[in-house]
Amino acid sequence: MTALLRQAEAVQVPVALGARSYDIVIGRGVLAGLGERVKILRSGARVAIVTDEIVAKLHLAAAEAALKAAAIDSTHILVPAGEASKSYATFEKVCEAIIAARVERNDFIIALGGGVIGDLAGYAAASVRRGLDFVQVPTTLLAQVDSSVGGKTGINSRQGKNLIGAFHQPALVVADTALLDTLPKREFRSGYAEVAKFGLLGDAAFFAWLEKNWQDVFAGGPAREHAIAVCCRGKAGIVARDERENGERALLNLGHTFGHALEAGCGFSDRLLHGEAVALGIVLAFEFSARKGLISASEAARAAAHLAAVGLPTHLKDFAGGVPAVDTLMDLIAQDKKVKRGTLTFILVRGIGQAFIENNVDAAEVRTFLTDKLAER
């Protein structure tokens, strides 16, 4: 693990993809340099900022000021906040607004927001004029450590999460950690599930560090930036080796097969935020691994204990409104992107930091496991 950053430092993490390589810039206050960084990428480019109504009130003026300081002309496109905006209807609205603004192929789209905005704006950028360059400016912890990096873009289908989309890498990621100070506690906790995931899937030492230092990550300062940088370095390495998820990159889906099914079963609503669904999914993946004899019950309990300590849900009874029925969950799991010719693929674990890809998982075994978990309520 790297040494802790000093609070005044910014760090650059490269994502090595040949001619499509780009940098992740991490640090407090780096939003102020957004315009100059865009200008370095392409002098004379115009910009369309896609953001949601909540983020706009908090950070749009600062982003526009940073662009104006670099003499970059910009317009903005507002969408409603929340997962419901990852829809066909909102995607159409954003694409039409980009075209109406006469954004051309030598211009940029800027995704200013959390994972929803990054996925939506990135997919619009991949689609309008058969591909526009875009810049990620993630404003949530979840987006800074995960969804803004790696080029996955898309929207949701009624049949499942992220089933419509494209791989479209950003030209730059600007992760200003000061923006996280405005996040509601629930949103920050939700993002932390993705931080813990990086330790649980492949870095036992980082997970042990999080167990000791998570309160400092929540408080802000060097520990927060350190955690974000570790996650970004880890993901950048995986993406460079397996951009289109033909192998190793699937490990980043630890907890997501169960989690996406729960999220979709709750209607992509505020009943269960994405990171909360991931936390539940991670716990279920560890417990399913324990049931299969891959890890000890104590290791599964250790993972769950840490997620519970930060305030994330770890039992299916932990969120209001009722859990989807097992038939619904199994139907949603069958639509998971990792399904191959109808057979289930899960990310399971042999220990803390030892995730692996398990193909040909028996659907009946998963159904029995979920039936038992639902009965625990």
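This section reports on the structure supplied with the text. (Residues numbered from 1 in each chain as written. Predicted model: local features only at pLDDT ≥ 70, side-chain atom pairs only at ≥ 80, totals over all residues. Heavy atoms only, no water.)

## Remarks on the sheet that holds strand β9 (residues 172-176)
Item 1. Taken together, the seven strands give an open sheet; going across it, the order is β1-β2-β9-β6-β5-β3-β4, and neighbouring strands pair in mixed fashion. Because the sheet does not close on itself, it has two edges, and the strands there are β1 (11-15) and β4 (74-79). Strand-to-strand, the axes of this sheet are offset by a mean angle of 20°, without reference to chain direction.
Item 2. Of the pairings in the sheet, the one linking strand β3 (residues 47-52) to strand β5 (residues 108-113) comprises five bridges and is parallel in character. Within the sheet, the bridge partner assigned to V47 lies in β5 and is F108.
Item 3. Of the strands in this sheet, β3, β4 and β5 are in contact with helix α2 (residues 53-69), which crosses β3 at around 160°.
Item 4. In the packing of helix α8 (residues 222-241) onto the sheet, contacts are made with β1 and β2 (22-27), and the angle to β1 comes to roughly 15°. (Pairing = 2+ DSSP bridges. Helix = DSSP H or I, 4+ residues; strand = E, 2+ residues; numbered from the N terminus. Axes fitted to C-alpha atoms, helices over the stretch in contact; angles between N-to-C directions. Contact = heavy atoms within 4.5 Å.)

## A few points about the side chain of S289
Item 1. Locating S289 in the fold gives a position in helix α10 (residues 274-291).
Item 2. Apart from residues lying up to four places away in sequence, S289 is in contact with L294, I295, L348 and V349.

## Section: the pairing of strand β11 (residues 355-361)
Every regular strand shows the same layout, with side chains that alternate between the two sheet faces.
Item 1. Sheet topology places strand β10 (residues 344-349) next to β11; five bridges connect them, and they run antiparallel. For V349, the partnering residue across the bridge sits in β11 and is A355.
Item 2. Between β10 and β11, which pair antiparallel one after the other, the connecting turn spans five residues, and G353 there sits at a positive phi close to 80°.

## Quick notes on the nonpolar core
Item 1. Grouped together as the largest cluster of nonpolar side chains are 59 residues, with contacts concentrated most on I26, Y192, V195, F206, L254 and F286.
Item 2. If you tally residues by element for this core, the top one is α8, at ten residues.
Item 3. Of all hydrophobic cores here, the second largest spans 28 residues; its members include L284, L316, V326 and V361. (Core = buried A, V, L, I, M, F, W, Y, C linked by side-chain atoms within 4.5 Å. Buried < 20%, exposed > 50% of the residue type's maximum accessible area, 1.4 Å probe, protein only.)

## Examining a positive patch on the surface
Item 1. Among the surface-exposed residues, R102, R105, R129 and R130 lie close enough to one another that they form a single positively charged patch.
Item 2. One can find R105 in the loop between α3 (88-100) and β5.
Item 3. Residue classification places R105 among the exposed positions, given a relative accessible area of 52%. (Patch = residues over 30% accessible without salt bridge, like charges linked within 9 Å, V, L, I, M, F, W, Y side chains within 5 Å. Areas by Shrake-Rupley, 256 points an atom, 1.4 Å probe, with all protein chains shown as cover. Salt bridge = Lys/Arg side-chain N within 4 Å of Asp/Glu carboxyl O. Lys, Arg positive; Asp, Glu negative; His and termini not counted. Charge placed at Lys NZ, Arg CZ, Asp CG, Glu CD.)

## Some thoughts on the pattern of salt bridges
Item 1. A full pass over the atoms with the stated rule returns 22 salt bridges.
Item 2. With a shortest N-O distance of 2.8 Å, E243 and R20 are connected by a salt bridge. Linking E243 in the loop between α8 and α9 (256-265) with R20 in the loop between β1 and β2, this pair joins segments that are 223 residues apart in sequence.
Item 3. Taking relative accessible area as the criterion, E243 reaches 15% and is therefore assigned buried.
Item 4. The partly exposed category is assigned to R20, whose relative accessible area is 43%.
Item 5. In this structure, the salt-bridge partner of E83 is K86, at a minimum N-O distance of 3.8 Å. Across the pair, K86 and E83 agree in class, each one buried.
Item 6. Connected through shared salt-bridge partners, E83, K86, D119, K161 and E263 make up one network.

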